[in-house]
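Each chain is listed here by its residues.
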Amino acid sequence: MINGAGGRRHWSVDDKARIIAETLEPNAVISEVARRYGLRPQQVFAWRREARKPATSVQQDSPAFVPAVLAAAEPVASRSPKQRKRQATRGAGMIELEIDGISMRVGRGADTKTVAAVIRALKATS
């Protein structure tokens, strides 16, 4: 922390990150953390909100890439050809995303802007 003109404090990025990390600990109470550092809870909430924002150098028109996990299809008991075809077309072209325990399925023909907006919303809640 650095004291500036007029008694205003300027916190380094590392200090802010440390304080924010402290508020993310299990059973942490933000007002208690803020009080410990002589801050108002609103300031800590603002820092947390800013920390969730993506860096300005990152292009936000397209969704961020994450590692893909491919899962082998589970063995299926013997089915008739009609049942197999119906099952295959239902899941064809389907992408399933999981962000912090929330699953999202994206089907063929989904609007990319809508999917990107949903992903950003899910990331913002995490």
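These numbers come from a predicted model, not from an experiment. (Residues numbered from 1 in each chain as written. Predicted model: local features only at pLDDT ≥ 70, side-chain atom pairs only at ≥ 80, totals over all residues. Heavy atoms only, no water.)

A. A look at the packing of helix 1 (residues 13-23) against helix 3 (residues 41-52). Where helix 1 meets helix 3, the axes come as close as 10 Å, and the angle between the chain directions of the two elements is 100 degrees. Comparing the axis directions of helix 1 and helix 3 gives the class roughly perpendicular. On the side of helix 1, the interface is formed by Lys16, Ile19, Ile20 and Thr23, while helix 3 contributes Val44, Trp47, Arg48 and Ala51. Each residue belonging to the contact of helix 1 with helix 3 can be placed in one class, and the counts come to five nonpolar, one polar and two charged. (Axes fitted to C-alpha atoms, helices over the stretch in contact; angles between N-to-C directions. Helix = DSSP H or I, 4+ residues; strand = E, 2+ residues; numbered from the N terminus. Parallel < 35°, antiparallel > 145°, perpendicular 65-115°, else oblique. Contact = heavy atoms within 4.5 Å. Nonpolar A, V, L, I, M, F, W, Y, C, P; charged D, E, K, R; others polar.)

B. Quick peek at the confidence of the model for the protein. When pLDDT is averaged across the protein, the result is 75; 61% of the residues are at 70 or more. Put simply, strand 1 (residues 2-3) is where the protein has its lowest mean pLDDT, 54, and helix 2 (residues 30-36) is where it has its highest, 94. (pLDDT = per-residue confidence, 0-100.)

C. Molecular detail of the packing of aromatic side chains. Applying the stated criterion to the full structure yields two aromatic pairs. When the ring of Trp11 is compared with that of Tyr37, the centres are 6.3 Å apart and the planes differ by 85 degrees; the resulting orientation is edge-to-face. Taken together, the positions of Trp11 in the loop between strand 2 (9-10) and helix 1 and Tyr37 in the loop between helix 2 and helix 3 put the pair 26 residues apart, joining distant regions of the chain. The exposure class assigned to Tyr37 is partly exposed, which follows from its relative accessible area of 22%. When the ring of Trp11 is compared with that of Trp47, the centres are 5.9 Å apart and the planes differ by 65 degrees; the resulting orientation is edge-to-face. Of this pair, Trp11 sits in the loop between strand 2 and helix 1 while Trp47 sits in helix 3, placing them 36 residues apart in sequence. The pair Trp11 / Trp47 is uniform in exposure class, with both members buried. Feature note: the residues Trp11, Tyr37 and Trp47 constitute an aromatic cluster, connected by ring pairs. (Phe/Tyr/Trp six-rings, centres within 6.5 Å; stacked < 30°, edge-to-face > 60°. Buried < 20%, exposed > 50% of the residue type's maximum accessible area, 1.4 Å probe, protein only.)

D. Main features of the pairing of strand 4 (residues 102-106). Pairing of strand 3 (residues 95-99) with strand 4, which is carried by five bridges, proceeds in the antiparallel orientation. Note on strand 4: the bridge partner recorded for Ile99 is Ile102. Count of turn residues in the strand 3/strand 4 antiparallel hairpin: two residues, of which Asp100 carries a positive phi of about 50 degrees. (Pairing = 2+ DSSP bridges.)

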